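Coordinates in review
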Amino acid sequence: MSQKSIDLYYWPTPNGWKVSIMLEECGLPYTVHTVNIGKGDQFKPEFLAISPNNRIPAIVDPDGPDGRPISVFESGAILQYLGRKTGKFYPADERKRVEVDQWLMWQMGGFGPMLGQTHHFRIYAPEKIEYAINRYTNEANRLYGVLNRRLEGRDYIAGDYSIADMACIGWAKAWERQGQDIAQFPNVKAWIERMLARPAVKAGLSVNKEDRNPQAMQDPGVRAVLFGQTAR
Ligand SMILES: N[C@@H](CCC(=O)N[C@@H](CS)C(=O)NCC(=O)O)C(=O)O
């Protein structure tokens, strides 16, 4: 039976790219549903029904494990799901899988959130708070150091090319915005170049790229949606 198109709820950001890259790498058919997070689409009830944390990305796979549709939110869970579903880029061997899982969780719990805060305080915050800028720029620097050591003598982060690499690339390619000097991390630099040379990575990073607008973050309406969130 041929695979039905997977619905991808998406905006072109580092977390969204993880999934567009994986779908491209696996050659799975998918339909992009644009969730404009600057306009507040992430709060629409139909999106919250599949992504209760009001964050992209999310997917709905009409061919779920039991033949019924399944929805998945959280980029790491989506990558693992697609890896299990296809048997690609997520090894079944337990020892190898643990290797991938550790680095995927390292990205989900550290490399992504800390670099996100680095972007926030360096670029988006209305005041330049030295303490916050230093704290997150230093933490980003520490994390790049960890990744650089990990990539010593390795082409990819967790054994063969895997979902761990896909999770990291969208964040790492923005090192300049995080106040880093990539020359300090030659193994990361080489890995970024290796990653960006892959056709599926290029294709994944290009999905809806016309929607990326760095100026949008200066728009008071966009800032109110993204930076003024409290419990609802
Ligand atoms: N841990 C989540 C984080 C997702 C996330 O932060 N998504 C951002 C875009 S990169 C978002 O949807 N922001 C919308 C908002 O802040 O309301 C994941 O990895 O899926």
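Starting afresh in each chain, residues are numbered from 1 along the sequence in its written order. It should be noted that, the model being predicted, local features are given only for residues of pLDDT at least 70 and side-chain atom pairs only at 80 or more, the latter also being counted only at that level, while totals for whole chains, interfaces and linings use all residues.

1. So, the UniProt feature "domain: GST C-terminal" (unreviewed entry) in the protein chain
To keep things clear, this is the line we draw: UniProt positions are given in the numbering used here, feature names are shortened, and annotations may be inferred rather than shown by experiment. Numbering goes from the N terminus for both helices and strands, where a helix is a DSSP run of H or I of at least four residues and a strand is a run of E of at least two.
Mapped onto the present numbering, the UniProt feature "domain: GST C-terminal" (unreviewed entry) falls at residues 93-215. Summarising residues 93-215: 66% helix, 0% strand, and an end-to-end C-alpha distance of 45 Å.

2. Side note on the domain arrangement of the protein chain
Cut-off, in case you're wondering: Note that the domain bounds reflect an automated or database-derived domain assignment. Residues are treated as contacting if the C-beta atoms built from their backbones sit within 7 Å of each other. Three residue categories are used. Nonpolar comprises Ala, Val, Leu, Ile, Met, Phe, Trp, Tyr, Cys and Pro, charged comprises Asp, Glu, Lys and Arg, and polar comprises the others, including Gly.
Domain assignment breaks the protein chain into domain 1 (6-89 + 213-227) and domain 2 (94-197). Once you take the C-alpha centre of each, domain 1 and domain 2 turn out to be 21 Å apart. Taken together, the contact between domain 1 and domain 2 spans 13 residues of the former and 11 residues of the latter. Elements represented by at least two residues in the side of domain 1 that touches domain 2 include exactly helix H1 (14-26) and helix H3 (75-86). Classifying every residue of the side of domain 1 that touches domain 2 gives seven nonpolar, five polar and one charged.

3. With respect to the UniProt feature "domain: GST N-terminal" (unreviewed entry) in the protein chain
Residues annotated by UniProt as "domain: GST N-terminal" (unreviewed entry) correspond here to residues 3-90. Its end C-alpha atoms 19 Å apart, residues 3-90 is made of 33% helix and 20% strand.

4. Focus on the site of the ligand
For clarity, the cut-off: Any residue whose backbone-placed C-beta atom lies within 6 Å of a molecule or strand is treated as near that molecule or strand.
Looking at the ligand, the residues that line it are Thr 13, Pro 14, Asn 15, Ile 37, Gln 42, Asn 54, Arg 55, Ile 56, Pro 57, Glu 74, Ser 75 and Leu 226. Class assignment for the residues of the shell around the ligand results in five nonpolar, five polar and two charged.

5. A look at the packing of H1 against helix H6 (residues 163-172)
Selection rule: Lines are fitted to the C-alpha atoms to define the axes, a helix being fitted only along its stretch in contact, and any angle between axes, read from their N-to-C directions, falls within 0 to 180 degrees. Any angle that is under 35 degrees is reported as roughly parallel, and any over 145 degrees as roughly antiparallel; angles of 65 to 115 degrees are reported as roughly perpendicular and all others as oblique. Two helices cross in a left-handed way if the nearer one is turned anticlockwise from the farther one by less than a right angle. They cross in a right-handed way if the turn is clockwise.
Viewed as axis vectors pointing N to C, H1 and H6 meet at an angle of 140 degrees, and their least axial separation amounts to 8 Å. By the angle between their directions, the pair H1 and H6 is classed as oblique. Pair H1 / H6 crosses with right-handed handedness. In this structure, H1 contributes Pro 14, Trp 17, Lys 18, Ile 21 and Met 22 to the contact, and H6 contributes Ile 163, Met 166, Ala 167, Gly 170 and Trp 171. Tallied by class, the residues present in the contact of H1 with H6 amount to eight nonpolar, one polar and one charged.

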